[in-house]
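# Residue-level structural notes
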Amino acid sequence: MNKSINIIRSSVVPVNIENIDTDQIIPARFLKATSREGFGKNLFRDWRYINDDENQPKADFPLNDPKYKGKILVAGKNFGCGSSREHAAWAIKDHGFDVVVSSFFADIFKNNALNNFLLPVQVSDAFLQQVFDAVSKDAGAELEVNLEQQTITLAGSGAQEHFDISEYKKSCLLNGYDDIDYLLSLRDEIEAFEAARS
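This section reports on the structure supplied with the text. (Residues numbered from 1 in each chain as written. Predicted model: local features only at pLDDT ≥ 70, side-chain atom pairs only at ≥ 80, totals over all residues. Heavy atoms only, no water.)

## Digging into the side chain of Asn146
Take Asn146: it is sitting in strand 7 (residues 142–146). Residue Asn146 is classed as buried on the basis of its relative accessible area of 12%. Leaving out residues up to four positions away in the same chain, Asn146 has contacts with Asn6, Ile7, Thr151 and Phe163. (Helix = DSSP H or I, 4+ residues; strand = E, 2+ residues; numbered from the N terminus. Buried < 20%, exposed > 50% of the residue type's maximum accessible area, 1.4 Å probe, protein only. Contact = heavy atoms within 4.5 Å.)

This is the structure:
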């Protein structure tokens, strides 16, 4: 599976709610599995279904609305707060998202996301509102996220912002490296360094 991320252009799924915590992203009762697969079906479980019944979806929740689709989840400020469960990133990624956009992320969630090839893009409150406004007018409105350039662009208007990411995590995402892959990619340099010192 190719895990690398560079340019992602996609329509979005808007969840315009602030302070979404990890228990809302993936409720605690679904944390029994240790494999990363299968969590996507329980993403926002309590908001998506009535009485935990998959046959009774809540029609007004964006993930249940067929007009919203894509690889980019756009959420309100302070996304991923609460407990430090890595399963939250697993659920979002397993559901098919590659990017989450918000105006603020909890630090632990942000790190868990990056470690699971899910790109958290932090934008200003004003830009986030522009995105929500654009999607409310056109459900097919697209965003383009360019990791190499560290830019996010609202395709319809051309509005653009720069986002921050550590150079290390940027390199990992661009190349599809986890921490061990990254070290292995430096093997020749490490061996040359050791040889020079021996």
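## Notes on the pattern of salt bridges
Inspection of every chain in the model, using the stated rule, returns 7 salt bridges. Here Lys93 makes a salt bridge to Asp98, at a shortest N to O gap of 2.7 Å. On the basis of relative accessibility, which here comes to 26%, the residue Lys93 falls in the partly exposed class. Through salt bridges with shared partners, a single network forms among Arg9, Glu142 and Glu144. (Salt bridge = Lys/Arg side-chain N within 4 Å of Asp/Glu carboxyl O.)

## Re unusual backbone geometry
Positive phi values are uncommon outside glycine, yet Phe44 reaches one of about 50°. Take Phe44: it is sitting in the loop between helix 1 (22–25) and helix 2 (45–48). The backbone of Gln150 sits at a positive phi, close to 60°, despite the residue not being glycine.

## Let's talk about the nonpolar core
Counting 57 residues, the largest nonpolar core has Phe79, Ile92, Val101, Phe109 and Leu119 as the members making the most contacts within it. For this core, the leading source of residues is helix 5 (residues 125–137), giving 6 residues. (Core = buried A, V, L, I, M, F, W, Y, C linked by side-chain atoms within 4.5 Å.)

## Regarding the pairing of strand 8 (residues 151–154)
Because side chains alternate across strand 8, one face comprises the buried residues Thr151 and Thr153, and the other comprises Ile152 and Leu154, equally buried. Pairing geometry for strand 7 and strand 8, over 4 bridges, is antiparallel. Each bridged residue has a counterpart across the sheet, and for Glu144 the counterpart in strand 8 is Thr153. Across 3 bridges, the pairing between strand 8 and strand 9 (residues 160–162) is antiparallel. Within strand 9, the residue paired with Ile152 across the bridge is Glu161. Hairpin geometry of strand 8 and strand 9 is characterised by an intervening segment of 5 residues between the two adjacent antiparallel strands and by a positive phi of about 80° at Gly158. (Pairing = 2+ DSSP bridges.)

## Topic: the side chain of Ser11
Among the secondary structure elements, Ser11 is positioned in strand 1 (residues 7–15). Among the polar contacts made by the side chain of Ser11, one reaches the main-chain carbonyl oxygen of Lys69 at a distance of 2.6 Å. Ignoring any residue separated from it by four or fewer positions in sequence, one finds Ser11 in contact with Lys69, Gly70, Lys71, Ile72, Ala139, Gly140, Ala141 and Glu142. (Polar contact = N/O pair within 3.5 Å; in protein donor to acceptor, adjacent residues only side chain to side chain.)

## A short note on the environment of Asn111
With respect to the helices and strands, the residue Asn111 is situated in helix 4 (residues 107–115). Taking the relative accessible area as the measure of exposure, Asn111 reaches 46% and is therefore partly exposed. A C-alpha to C-alpha distance of 9.2 Å links Asn111 and Glu86, two positions 25 residues apart in sequence.

## A few points about helix 4
Taken residue by residue, helix 4 has Phe109, Asn112, Ala113 and Leu114 as its buried positions. In this structure, the buried residues of helix 4 make contact with helix 1, helix 3 (87–95), strand 6 (119–122) and helix 6 (167–175). Directly beyond the C-terminal end of helix 4, a positive phi value near 60° is found at Phe117.

Function-wise, these values are silent; they only describe arrangement.
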